[in-house]
Amino acid sequence: MRSGRRRPARRRPRTGRSAGSWRRKAFLSSFILDSVCWEVVGVVKLWNEWCRTSNTTTVLPTDSFCLFYRLISDPTVLLCQCSCYVAEDQQFQWLEKVLGCMQKEGLQVTILSTCPVADYKTQESTLTLPSPFLKALKTKEFKEQVCCPLLEQPNIVRDLPAAVLSYCQVWQIPAVLYQCYTDVIKLDTVTIEAFKPLLSTKILKSLVKDVSESTKILKKLLTTNETHSNIYI
């Protein structure tokens, strides 16, 4: 999917977007994904002011792609790792291309997202909150127990995670969004491990890799990221 776009007059600042995608990628790569059990079956390329991809047709796990993996032992299980920003006027097209071609019967969706703890609305001071922490938001059709408290009003979710959840609500698809609020802007172990309660959920517990191996992979990812970050200091 590739679309040219005009720059609008005003935009909401995009702070911490890169770190957020890296946290989700690190969590999935450490605890679920591996080259033996999963295979890449698709890719979505995007172009906008924050995300530019080349014309190459080679499917590679770069930061400007949304990659789709399929569980080899069970082809009905798909995982989407979206490392690029999907602009508001591209979200409907993304949803139609990705979810529009899937059979709705029996479909269940789990969404992972991160955002700054400063976005969390509460009567308490955000300085006293035990960051990071998880909140869940689900569609009416999702009947399973969630592994964290539900997101309270007047809090909202934004961007592609919100669009996916809204799509599932309209199409009566069981779906749950887990949003991690954090006060750290870089890739860190604490925020990644905040997602670990999800590993005990019904939909993910059968996909979890060996824990000891997962810890090694996570440590390697963090070391690599730290090395790359030091280049710019």
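Please read all numbers here as calculations on a predicted model, not as lab measurements. (Residues numbered from 1 in each chain as written. Predicted model: local features only at pLDDT ≥ 70, side-chain atom pairs only at ≥ 80, totals over all residues. Heavy atoms only, no water.)

Trainee: With reference to specific residues and values, describe the sheet that holds strand β4 (residues 109-116).
Mentor: Taken in spatial order, the 3 strands make up an open sheet running β4-β6-β5, and their pairing is mixed. Only two strands of the sheet have a single partner each, and these edge strands are β4 and β5 (133-138). Direction aside, the axes of adjacent strands within the sheet are offset by 25 degrees on average. As paired elements, β4 and strand β6 (residues 175-182) share 8 bridges and run parallel to each other. Its bridge partner being in β6, Val109 is matched across the sheet by Ala175. With respect to the sheet, helix α3 (residues 159-170) is in contact with β4, β5 and β6, its orientation differing from that of β4 by roughly 150 degrees. (Pairing = 2+ DSSP bridges. Helix = DSSP H or I, 4+ residues; strand = E, 2+ residues; numbered from the N terminus. Axes fitted to C-alpha atoms, helices over the stretch in contact; angles between N-to-C directions. Contact = heavy atoms within 4.5 Å.)

Trainee: A description of the packing of helix α2 (residues 88-98) against α3 should follow, citing residues and the corresponding values.
Mentor: One way to put it is that α2 packs onto α3 with a least axis distance of 10 Å and a crossing angle of 50 degrees. Compared by their axis directions, α2 and α3 come out oblique. You can see that α2 and α3 cross each other, and the crossing is right-handed. Residue-level contacts link Gln91, Trp94, Leu95 and Glu96 of α2 to Asp159, Leu160, Ala163, Val164 and Tyr167 of α3. Looking at the contact of α2 with α3 residue by residue, the classes come out as 6 nonpolar, 1 polar and 2 charged. (Parallel < 35°, antiparallel > 145°, perpendicular 65-115°, else oblique. Left-handed = near helix turned anticlockwise from the far one by under 90°. Nonpolar A, V, L, I, M, F, W, Y, C, P; charged D, E, K, R; others polar.)

Trainee: For the state of the cysteines, give the residues involved together with the corresponding values.
Mentor: Applying the stated criterion to the full structure yields 1 disulfide. Looking at the unpaired Cys80, the closest cysteine sulfur is the one in Cys66, lying at 5.0 Å. (Disulfide = S-S within 2.5 Å.)

Trainee: Account for the packing of aromatic side chains, with residues named and values stated.
Mentor: To describe a pair of aromatic rings, one takes the distance between the centres and the angle between the planes. Per the stated rule, a full pass over the model turns up 6 aromatic pairs. Aromatic side chains Tyr120 and Phe133 sit 5.0 Å apart centroid to centroid with 75 degrees between the ring planes, which places their arrangement in the edge-to-face category. Residue Tyr120 is found in the loop between β4 and β5, and its partner Phe133 is found in strand β5; the two are separated by 13 residues along the sequence. With respect to burial, Tyr120 and Phe133 carry one shared label: buried. Connected via pairs of aromatic rings, a cluster forms that spans Phe27, Phe31 and Phe195. One residue, Lys104, lies across the ring of Trp171, its end atom 4.9 Å from the ring centre. (Phe/Tyr/Trp six-rings, centres within 6.5 Å; stacked < 30°, edge-to-face > 60°. Buried < 20%, exposed > 50% of the residue type's maximum accessible area, 1.4 Å probe, protein only. Lys NZ or Arg CZ within 6 Å of the ring centre and 35° of its normal.)

Trainee: How would you sum up α3? Please name residues and give values.
Mentor: Helix length check: α3 (12 residues) gives 17 Å between terminal C-alpha atoms against 16 Å at 1.5 Å per residue, within 8%. Of all 12 residues in α3, 9 are buried; the element is thus mostly enclosed. Listed as buried for α3 are Asp159, Leu160, Pro161, Ala162, Ala163, Val164, Leu165, Tyr167 and Cys168. One or two steps after α3, the chain reaches Gln172, where phi turns positive at roughly 55 degrees. (Expected span 1.5 Å × (residues − 1).)

Don't take any of this as a statement about function, it's just geometry.
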